[in-house]
Amino acid sequence: MKVYIGGLGLRGDGYPNAARTLALLEQQADIEIVNCGRWLPEDLHLWKLARMPRWRTLRWLLILIFGNLRSLLRVCARARIAPGVLYVPYPGVFFLFWLSLLPRGWRPACIVDSYVSIWDSMFRDRAAAKAPGVASAMLKWIEARALRTAAVVLVDTQANRDIFIADFGLDPARVRSLPLAIDEDRFTAAPPFAHRTDARVRILFVGTLIPLHGIAVVLDAFARLADDASLELRLIGNGQQADRVAAFIDANPTARIHWIREWCSLDRIAAEIADADICLGVFGGEGKAARVLPFKLYMYLARGRAIVSQSLLSTPQDVPFPPIEAISEPLAAELADAIRRLATDPERRERMGREAAAYYRHWLANSRVADDWREMLARLDPQAKA
């Protein structure tokens, strides 16, 4: 079975899914990977494009547009000789738009990663404040046309599946939610519990400090816990609301907060998770924050940690709600109470950690992702249908 890789894909610690998926497929003896695409630089993050000088943003857009065209020509040349299934890593919109211009009979069956809508990321929040403009309408049309070209559109949760179908008019039979593939060995290889010698309860928050993550709720909750000298908050990340964190630390010089204000390697994050007693998820309320099962929750679950997050979240198809301390409203008072309960109950934290690790192994592990991919490829493989 041939699997062609098309497009310019993102990989690295911030975008692990495609690279890990390919690693899983390469382990299958009856699958041959034919790479007709290439990887973008690992330090490139799409959210950074809007913050770059205009000439750099334009340069990257041209690279994405014409680099994907070149990749498509390579796929077409090879797939016409030896048919197979095409896999397009995220962001696949640029590649698929070129593919949509070909006659249907020339297009190989295509599976595309679409975990984050580019139109949604750029315009949905803005459209809530004012009527969407021409640029918004054009990008939405381009993304809809591109996604309709795929035989399977992959998303990470059922809530995202529903919104992709509604936003872009996709055929529900072609949109599928399945778990993300992660570099799980970094989290599952070591024993799940390593007791530290200090007496403090270490609380960890990892995130890009955007409103979706709810850093304001975390800071307000820790302010309510300031009188408890046994608690220590560790923050990893930088982003849109970094000034709010800096202002909070300046206003509370005695607060037990250690802020690592940088993009950390996955090894560093894995070490921090291993050293944490309580890990914090997202507290952004409704909207996009409620449609995801955040990547960091995968890491927390795989490592077997007690987790506090908002109850508004979604999971892949047939995956039950995770074993976390879920707060019904993303409010500082509720979060502070949840942290206080877990901080004073180490036995419960360990029990939650064991349940988290078992949940990950059964519902989210890479082995499940591999099984789902084998089923999809068997259904789409043109050789099997011949």
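Everything discussed here concerns the structure shown above.
Residues numbered from 1 in each chain as written. Predicted model: local features only at pLDDT ≥ 70, side-chain atom pairs only at ≥ 80, totals over all residues. Heavy atoms only, no water.

(A) Seen up close, the environment of P382. When you line up the elements, P382 lands in helix α16 (residues 382–385). Dropping the residues within four chain positions of it, P382 is found in contact with P83, G84 and V85. (Helix = DSSP H or I, 4+ residues; strand = E, 2+ residues; numbered from the N terminus. Contact = heavy atoms within 4.5 Å.)

(B) View of the sheet that holds strand β1 (residues 2–5). Sheet architecture is open: six strands sit in the order β3-β1-β5-β6-β7-β8, paired in parallel fashion. On the outer flanks of this sheet lie β3 (32–35) and β8 (175–177), each paired with one strand and no other. Pairs of neighbouring strands in the sheet enclose a mean axial angle of 25 degrees, with direction left out of account. Alignment of β1 against strand β5 (residues 85–88), held across three bridges, turns out to be parallel. Bridging across to β5, V3 finds its partner in V85. Here helix α4 (residues 93–100) sits on the sheet and contacts β5 and β6 (110–113); the angle it forms with β5, its principal contact strand, is near 140 degrees. (Pairing = 2+ DSSP bridges. Axes fitted to C-alpha atoms, helices over the stretch in contact; angles between N-to-C directions.)

(C) Quick look at the side chain of E325. The topology assignment puts E325 in strand β14 (residues 325–327). Using a relative accessible area of 9% as the deciding quantity, one classes E325 as buried. Ignoring sequence-local partners within four residues, the contact set of E325 consists of I307, V308, S309, A338, R341, L342, R348 and M352. (Buried < 20%, exposed > 50% of the residue type's maximum accessible area, 1.4 Å probe, protein only.)

(D) Representation of helix α13 (residues 332–343) within the structure. In a regular helix each residue adds 1.5 Å, so twelve residues correspond to 16 Å; α13 covers 16 Å between its end C-alpha atoms and thus fits that length. Of the residues making up α13, those classed as buried are A332, L335, A336, A338, I339, L342 and A343. Mapping the buried residues of α13 onto a view down its axis gives an arc of 160 degrees, with all of them on the same face. (Expected span 1.5 Å × (residues − 1). Arc of directions from axis to C-beta.)

(E) Seen up close, helix α6 (residues 134–147). Its 14 residues place the ends of α6 20 Å apart at the C-alpha level, agreeing with the 20 Å of an ideal helix rising 1.5 Å per residue. Looking at α6, one finds that the buried residues are S136, L139, E143, A144, A146 and L147. Looking straight down α6, one finds that the buried residues subtend no more than 165 degrees of arc, so they occupy a single side.

(F) Looking closely at the packing of aromatic side chains. In total, this model carries five aromatic pairs according to the counting rule given. With a centroid separation of 4.8 Å and an interplanar angle of 75 degrees, the aromatic rings of Y87 and W373 are classed as edge-to-face. Of this pair, Y87 sits in strand β5 while W373 sits in helix α15 (residues 366–380), placing them 286 residues apart in sequence. Each ring, one from W119 and one from F168, has its centre 6.2 Å from the other, and the planes form 80 degrees; the classification is edge-to-face. Placement of W119 in helix α5 (residues 118–129) and of F168 in helix α7 (residues 158–168) is noted, with a sequence separation of 49 residues between them. The two residues W119 and F168 agree in class, both being buried. One Lys or Arg, R59, reaches over the ring of W60 and ends 5.3 Å from the middle of that ring. (Phe/Tyr/Trp six-rings, centres within 6.5 Å; stacked < 30°, edge-to-face > 60°. Lys NZ or Arg CZ within 6 Å of the ring centre and 35° of its normal.)

(G) Examining a positive patch on the surface more closely. A contiguous patch of positive charge on the surface is contributed by R38, R70, R74 and R78. With three residues, the single largest contributor to the positive patch is helix α3 (residues 54–79). Examined against the element boundaries, R78 turns out to sit in helix α3. Taking relative accessible area as the criterion, R78 reaches 40% and is therefore assigned partly exposed. (Patch = residues over 30% accessible without salt bridge, like charges linked within 9 Å, V, L, I, M, F, W, Y side chains within 5 Å. Areas by Shrake-Rupley, 256 points an atom, 1.4 Å probe, with all protein chains shown as cover. Salt bridge = Lys/Arg side-chain N within 4 Å of Asp/Glu carboxyl O. Lys, Arg positive; Asp, Glu negative; His and termini not counted. Charge placed at Lys NZ, Arg CZ, Asp CG, Glu CD.)

(H) Spatial organisation of the pairing of β6. Neither face of β6 is left uncovered, since the one carrying C110 and V112 and the one carrying I111 and D113 both have all their residues buried. By the bridge criterion, three bridges tie β5 to β6 in an arrangement that is parallel. Residue Y87 lies in a different strand from β6, and its bridge partner there is I111. In this fold, β5 hands off to α4, which returns the chain to β6; that crossover is right-handed. Sheet topology places β6 next to strand β7 (residues 152–155); three bridges connect them, and they run parallel. Counted as the bridge partner of D113 is L154 from β7. (Right-handed = clockwise from strand over helix to strand, strands pointing away.)

(I) Main features of the nonpolar core. Of all hydrophobic cores here, the largest spans 51 residues; its most connected members are I111 and W373. Setting aside its immediate chain neighbours within four residues, W373 contacts T21, L25, Y87, I111, L154 and L178. (Core = buried A, V, L, I, M, F, W, Y, C linked by side-chain atoms within 4.5 Å.)

(J) Examining unusual backbone geometry more closely. Each neighbour pair has its own omega, and for Y90 with P91 the value is 0 degrees, a cis peptide bond. In this structure, D318 takes a positive phi of about 70 degrees despite not being glycine. With respect to the helices, strands and loops of the structure, D318 is situated in the loop between β13 (306–310) and β14. Among the residues examined, D318 registers a relative accessible area of 62% and is labelled exposed.

(K) Expanded view of the pattern of salt bridges. Throughout the structure, instances matching the rule amount to 20 salt bridges. Put simply, D267 and R186 hold a salt bridge, and the shortest N to O gap is 3.0 Å. Of the two residues, D267 is situated in helix α11 (residues 266–275) and R186 in helix α8 (residues 185–188); the sequence distance between them amounts to 81 residues. Here R202 makes a salt bridge to D275, at a shortest N to O gap of 2.9 Å. Of the two residues, R202 sits in strand β9 (residues 201–206) while D275 sits in helix α11, which places them 73 residues apart along the sequence. For R202, a relative accessible area of 12% puts it in the buried group.

Function cannot be read off these values alone, since they describe shape.
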